[in-house]
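Structural overview
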Amino acid sequence: MHSPSRKDFVSLTFTGSGNYNSKQWRRQSCWRKWKQLSRLQRNLILFTVALMLVCGIATYPAVTEHFRGLTVVVKEDEGHVLKPVIPEVLPEPPSAKPKRAPHKRGPHGPQNRLQKKGTGSDIQVEENPIQDAKKADKEEGEKPLVKRGALIEADQATEGGTAKEAENKVDVPAVEQKDHSHEPEFDRLEAVRDAFRHAWKGYKEFAWGQDELRPISKSYGEWFGLGLTLIDALDTMWILNLREEFEEAKTWVSTELSFNKNVDVNLFESTIRILGGLLSTYHLTGDTLFLDKAKDIGTRLMPAFNTPSKIPYSDVNIGKGTAHPPRWTSDSTVAEVTSIQLEFRELSRLTQDTRYRAAVDEVMQKVHKLEGKQDGLVPMFINTNSGQFTHLGVFTLGARADSYYEYLLKQWIQGGQKETELLDDYLQALEGVKKNLLKKSSPNSLTFVGELSHGQFSPKMDHLVCFLPGTLALGAHHGLPADHMELAKQLMETCYQMYAQMETGLSPEIVHFNMHEGSIRDVDVKLADRHNLLRPETVESLFYLYRFTKDRKYRDWGWEILQNFNKYTKVSTGGYTSINNVRDPEYPSPRDKMESFFLGETLKYFYLLFSDDPELLSLDKYVFNTEAHPLPIWPSAE
């Protein structure tokens, strides 16, 4: 007989969540339980899961938008702290009607301006961007100005007296306190002065006496080591009546500026910025300090002309008195060698030393006779040994050729309209532009200036070409055909649209126009061309067009552009920066560089555009060099 407690089997229990058989058993168990559910129960569970998934997807953008509005602020020993980005926007003057915030010549600056290959454009499609813009103007005028923009903080960097003197002196009067309740111009003038003070604050604090401010990294960049920004801004400060800032800059010029340095400088850039800036400041103030400095730098630049062809080298060592072409070529650009004449001619007139003018006049005479032109249009390069054009068959009004055309007209004006050879070359070139480079876009028939390469037309237009409306208008003012003014107005509209059709309201460096029927947008912008360098050309032309026509729309366009510079390029700690992407208003990607021409040209032309005084640098008495430095038109007796 067996005991009642005896068992006929052995019971084993497996433990441990990592056991393979245990996992398999659980999977089988879950599946068994799922199969045991009724069809209704299974459907309800699946519906609930699907609903939760849809809700999760719907709420995801709100979460990402929350984090997109934060910027990472990195501090030593504190890790990463998320803080909200608060846009810093220049308030519109109370007296101004709220307006919509829409969406150098020659090789200006050391950037490489050769076109880079892009991947096309991702411009958003609109049925009619110009009409849409006008409609938005009307709608937005009925509501408060939307102050969008990207505050640029320092941690967002992505790139690294005699009688003659009294005669010459032009004392720019202070802005009179008038009743401007019916117009915003007075406030706009103050806005320009505020912008200059902000830019000067950054330069004074972080880059004093250096060439260029890097406002985001709160540092500076050197090019020649000659205080380019300070010298470029001298006459701007005088014109804007910023006497305190002018006096401190003058003190630096008097005590610190020396050209006795073992340094290579670019002949063109040094001439238009330094020599031009010093000559202009001398004429405005009558202070011989600036004339003495101009004679010094002018003399030190003369070795550039010691070439076999008398076509100057691009680079000069102002300490050693030697000159040479770039390391990679014996060519100079045509714009460089033909856009130094206004300054050297004026230096000869003031000093009675004819060698300065003789050197630059010989260049113009040689270029006048050269073969290789097409209907008055010139190639971009000229060899300093042979004196002949190179890279034949390529014609543009953009970088490397642009200011050749500008200086043809302006030398003729400067000399009292006596040098008919210069005028003939200018008129012939304009006919060449009309014949070979002038086209209209689709769908809105914007008139633009393209490029020609070995007979093939390209609808590519540099922002630099926007000097042309102002130059055309200036010629018409001095008696050239009236159709020049009509063309100037058409091109001015195009240059404005290069700003208005961008999301930041700022123009890219280069655009390509659509010419095919059925195109949706007039303008395409390649990825490599979306940067804005704070260039002056469009503002310059707006100044000329307003001065000659008194059409208020040119002022309004300029005001829009100034506001957008403040929204997207103003750095909170002082200064303004060029940006990489005019298509991205959320993050335009600052480049951490303020070119000297922003103070020397862009802000100066803004001020002149908004000024109601036609005698403030009258265009019957002054001609501006290509860096916006005014030089006197010579008396007819000379």
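Sequence positions are assigned chain by chain, starting from 1 and proceeding in written order. In keeping with the model being predicted, local features are shown solely for residues with a pLDDT of at least 70 and side-chain atom pairs are shown and tallied solely at 80 or more, while totals for entire chains, interfaces and linings include all residues. No hydrogens and no water enter the side-chain calculation; it runs on all heavy atoms of the structure.

Angular values range over 0 to 180 degrees, each being the angle between N-to-C directions of two axes fitted as lines to C-alpha atoms, with helices fitted over their stretch in contact. A run of H or I in DSSP becomes a helix once it reaches four residues, and a run of E becomes a strand once it reaches two; helices and strands are each numbered from the N terminus. Between helix 18 (residues 552-568) and helix 19 (residues 597-610), whose axes approach to 10 Å, the crossing angle comes to 145°. Judged by the sense of rotation from one axis to the other, the crossing of helix 18 with helix 19 is left-handed. When helix 18 is examined against helix 19, the residues Tyr 554, Arg 555, Gly 558, Trp 559, Ile 561, Leu 562 and Phe 565 are found in contact with a partner set consisting of Thr 602, Phe 606, Leu 609 and Phe 610. Side-chain classes are defined by residue name, with Ala, Val, Leu, Ile, Met, Phe, Trp, Tyr, Cys and Pro counting as nonpolar, Asp, Glu, Lys and Arg as charged, and the others, Gly among them, as polar. Considering only residue class, the contact of helix 18 with helix 19 consists of eight nonpolar, two polar and one charged. Should the near helix be turned anticlockwise from the far one by less than a right angle, the crossing is left-handed, and should it be turned clockwise, the crossing is right-handed. We call two residues in contact when some of their heavy atoms are within 4.5 Å.

In the contact formed by helix 9 (residues 288-301) and helix 11 (residues 341-351), the axes pass within 11 Å of each other and the chain directions differ by 125°. Taken together, the axis directions place helix 9 and helix 11 in an arrangement best described as oblique. In the crossing of helix 9 with helix 11, the sense of the turn from one axis to the other is left-handed. Counting all contacts with helix 9, which are made through Leu 291, Ala 294, Lys 295, Gly 298 and Leu 301, the residues of helix 11 involved are Phe 344, Leu 347, Leu 350 and Thr 351. Tallied by class, the residues present in the contact of helix 9 with helix 11 amount to six nonpolar, two polar and one charged. Working definition: roughly parallel below 35 degrees, roughly antiparallel above 145 degrees, roughly perpendicular at 65 to 115 degrees, and oblique for all remaining angles.

Next up on the list: the pattern of salt bridges. Any carboxyl oxygen of Asp or Glu within 4 Å of a side-chain nitrogen of Lys or Arg constitutes a salt bridge here. Here the structure, examined in full by the defined rule, presents 29 salt bridges. In this structure, Arg 349 and Glu 346 form a salt bridge, with 3.0 Å as the shortest nitrogen-oxygen distance. Of this pair, Arg 349 and Glu 346 are both found in helix 11, three residues apart, which corresponds to roughly one turn of the helix. For Asp 361, the salt bridge is made with Arg 357, and the minimal N-O distance between the two is 2.9 Å. In this pair, Asp 361 and Arg 357 are both assigned in helix 12 (residues 355-369), four residues apart and thus about one turn of the helix distant. Here the term buried applies to any residue with accessible area under 20% of the maximum for its type, exposed to any over 50%, and partly exposed to those in between, with areas from a 1.4 Å probe on protein chains only. A relative accessible area of 16% places Asp 361 in the buried class. Through salt bridges with shared partners, a single network forms among Arg 345, Arg 357, Asp 361 and Glu 419.

UniProt positions are given in the numbering used here, feature names are shortened, and annotations may be inferred rather than shown by experiment. Taking the UniProt record as the reference, the feature "binding site: Ca(2+)" (unreviewed entry) is found at Thr 626. Secondary-structure assignment places Thr 626 in the loop between strand 19 (622-624) and strand 20 (630-632). Accessibility expressed as a relative area gives 0% for Thr 626, which makes it buried. Here a polar contact means two N or O atoms within 3.5 Å. Within protein one must be a hydrogen donor candidate and the other an acceptor candidate, and residues neighboring in sequence count only if both atoms are side-chain atoms. Here Glu 406 takes part through its side chain, which lies 3.0 Å from a polar atom of the side chain of Thr 626.

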